[in-house]
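Here are the chains, one letter per residue:
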Amino acid sequence: LSTDLVKQCLVNFLDLEPIVEEQKEVPAVGPRPPVLCPGCPHRASFYAVKQAMQKKKAVFCGDIGCYTLGNAKPLEMTDTCLCMGAGITMAQGLQIVQPDQVPFAFVGDSTFFASGLTGIANAVYNETPLILMVLDNSTTAMTGHQPHPGIGRTLMGHQHKPMDIPKVLEAMGVEFVERCNPFDQEKMIDTVARAVDYGGVAAIICEAPCIFLHKGDPPHYITDECINCRRCINETGCPALVQGEEQVTIDPSLCNGCTLCASVCPVNAIKEGEDQHD
């Protein structure tokens, strides 16, 4: 529905005089594809899985949410996307027909409660090995930040004890359940590797808040040690990273200080905090 269409419907329904507006020339705007926000924890989760699976065959089953944008370059971590909760069930089907590939299922914390539980129960009951990645950013980010059972607050504002995702998984029979901060890349990569070796239903809960809940730390800056390899840009795709004339720069108005680019830089040229030379 466009604004003009809604306006015309109201005019017709209320039997009003047609609205005649002066047509103004709209300036051309360059294309802007959807992208994960700077500092989004989902980017770090995807990147860690990608690094852990570099030498192994894997299929990455996505879902509906902000993390659907994991399909875009340079991450390219979403092979399937159908509907809420389908990533978990599609991963099971693909594991049966392609047993040589490690099946990953990505699901957000909101969708986990909305439509992920039945697929998880099916995987546990049928002993189907898969890696469940719960991208827990403490909200329903894509559609307006509605509360869900894992937050501890109802739509009417009532506070109560939140449902704990790891405890729910353990109650359903998942024995490999681990929490990780996706920005701790070393731990994330190690945990993914151990989950793959586990061989059953393994769950990793990637816990870091949406940037709209937590604006993050001061922006990073890039020192003169930058060798302009562009690895930070080419591998993370963060919008805050900008290619300058001689080296990569960081837009302080976009950077949320998430540390992912600093962990990627091969020469340690990205520092935490604002550049004191400006």
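First, a word on scope: everything that follows refers to the structure included in this document. (Residues numbered from 1 in each chain as written. Predicted model: local features only at pLDDT ≥ 70, side-chain atom pairs only at ≥ 80, totals over all residues. Heavy atoms only, no water.)

### Section: the overall build of the protein chain
Scanning the protein chain for helices and strands turns up 8 helices and 9 strands. Counting the 278 residues in the protein chain, one finds 42% classified as buried. For the protein chain, the share of sequence-separated contacts (at least 6 apart) that also reach a separation of at least 24 residues comes to 70%. With an accessible surface of roughly 15,700 Å², the protein chain has 55% of that area assigned to carbon and sulfur atoms. Averaging the locations of the 19 positively and 33 negatively charged side chains of the protein chain gives two centres separated by 4 Å. (Helix = DSSP H or I, 4+ residues; strand = E, 2+ residues; numbered from the N terminus. Buried < 20%, exposed > 50% of the residue type's maximum accessible area, 1.4 Å probe, protein only. Contact = heavy atoms within 4.5 Å. Areas by Shrake-Rupley, 256 points an atom, 1.4 Å probe, with all protein chains shown as cover. Lys, Arg positive; Asp, Glu negative; His and termini not counted. Charge placed at Lys NZ, Arg CZ, Asp CG, Glu CD.)

### What about the packing of helix 3 (residues 86–97) against helix 4 (residues 109–125)?
Closest axis-to-axis distance for the helix 3/helix 4 pair is 8 Å, and the angle between their directions is 25 degrees. The orientation of helix 3 relative to helix 4 falls into the category roughly parallel. Facing helix 3, whose interface residues are Ile88, Thr89 and Gln92, helix 4 presents Gly116, Gly119, Ile120, Asn122 and Ala123. (Axes fitted to C-alpha atoms, helices over the stretch in contact; angles between N-to-C directions. Parallel < 35°, antiparallel > 145°, perpendicular 65-115°, else oblique.)

### Describing the pattern of salt bridges
Here the structure, examined in full by the defined rule, presents 9 salt bridges. We note a salt bridge from lysine 73 to glutamate 76, for which the minimum N-O separation is 3.1 Å. For lysine 73, a relative accessible area of 69% corresponds to the exposed category. Three or more residues are tied together by salt bridges with common partners; here these are Asp164, Arg179 and Glu207. (Salt bridge = Lys/Arg side-chain N within 4 Å of Asp/Glu carboxyl O.)

### A short note on the nonpolar core
Ranked by internal contacts, the top residues of the largest apolar core, which has 47 residues, are Val49, Phe104, Phe106, Leu132, Met133 and Leu169. Residues contacting methionine 133, with those up to four places away along its chain left out, are Val49, Phe104, Ala105, Phe106, Val107, Met188, Val192, Ile204 and Cys206. Of all hydrophobic cores here, the second largest spans 15 residues; its members include Cys238, Leu241, Ala262 and Ala269. (Core = buried A, V, L, I, M, F, W, Y, C linked by side-chain atoms within 4.5 Å.)

### A closer look at the packing of aromatic side chains
Per the stated rule, a full pass over the model turns up 6 aromatic pairs. Summarising the aromatic geometry, the rings of phenylalanine 46 and phenylalanine 106 are spaced 4.8 Å apart at their centres and angled 55 degrees between planes, so their arrangement reads as tilted. With phenylalanine 46 in helix 2 (residues 41–52) and phenylalanine 106 in strand 2 (residues 102–108), this pair connects stretches of sequence that are 60 residues apart. Accessibility assignment for this pair places phenylalanine 46 and phenylalanine 106 in one class, buried. Members of the aromatic cluster, connected to one another through ring pairs, are Phe46, Phe60, Phe104 and Phe106. (Phe/Tyr/Trp six-rings, centres within 6.5 Å; stacked < 30°, edge-to-face > 60°.)

### Observations concerning the pairing of strand 2
Within strand 2, 7 of the 7 residues are buried, which leaves it mostly tucked inside the rest of the structure. Of the two faces of strand 2, both are covered, the one formed by Val102, Phe104, Phe106 and Gly108 as well as the one formed by Pro103, Ala105 and Val107. Pairing geometry for strand 1 (residues 58–61) and strand 2, over 4 bridges, is parallel. Residue pairing for strand 2: cysteine 61 is matched across the bridge by alanine 105. In terms of handedness, the path from strand 1 via helix 3 over to strand 2 forms a crossover that is right-handed. Relative to strand 3 (residues 130–136), strand 2 runs parallel, the two sharing 5 bridges. Counted as the bridge partner of valine 107 is valine 134 from strand 3. One crossover worth recording links strand 2 to the parallel strand 3 by way of helix 4, and it is right-handed. (Pairing = 2+ DSSP bridges. Right-handed = clockwise from strand over helix to strand, strands pointing away.)

### Quick look at unusual backbone geometry
The omega angle of the peptide bond from lysine 73 to proline 74 is 0 degrees, so this bond is cis rather than trans. As for its placement among the helices and strands, proline 74 is situated in the loop between strand 1 and helix 3. In this model, asparagine 268 sits at a positive phi of 60 degrees, which is unusual for a non-glycine residue. Secondary-structure assignment places asparagine 268 in the loop between helix 8 (260–264) and strand 9 (270–271). Look at asparagine 268 and you get partly exposed, because its relative accessible area is 48%.

### Focus: the sheet that holds strand 1
The strand order across the open sheet built from 5 strands is 1-2-3-5-4, with neighbouring strands paired in parallel fashion. Strand pairing shows two members of the sheet lacking a second neighbour, strand 1 and strand 4 (176–180), which therefore form its edges. The mean angle between the axes of side-by-side strands here comes to 20 degrees, regardless of whether they run parallel or antiparallel. Taken together, the 7 bridges between strand 3 and strand 5 (residues 201–207) define a ladder with parallel strand orientation.

### Details of the packing of helix 2 against helix 6 (residues 185–198)
With their axes 8 Å apart at the nearest point, helix 2 and helix 6 run at an angle of 55 degrees to one another. The angle between helix 2 and helix 6 places the two elements in the oblique class. Here helix 2 and helix 6 pass one another in a crossing that is right-handed. Contacts between helix 2 and helix 6 involve Ala44, Ser45, Tyr47, Ala48, Val49, Gln51 and Ala52 from the former and Gln185, Met188, Ile189 and Val192 from the latter. (Left-handed = near helix turned anticlockwise from the far one by under 90°.)

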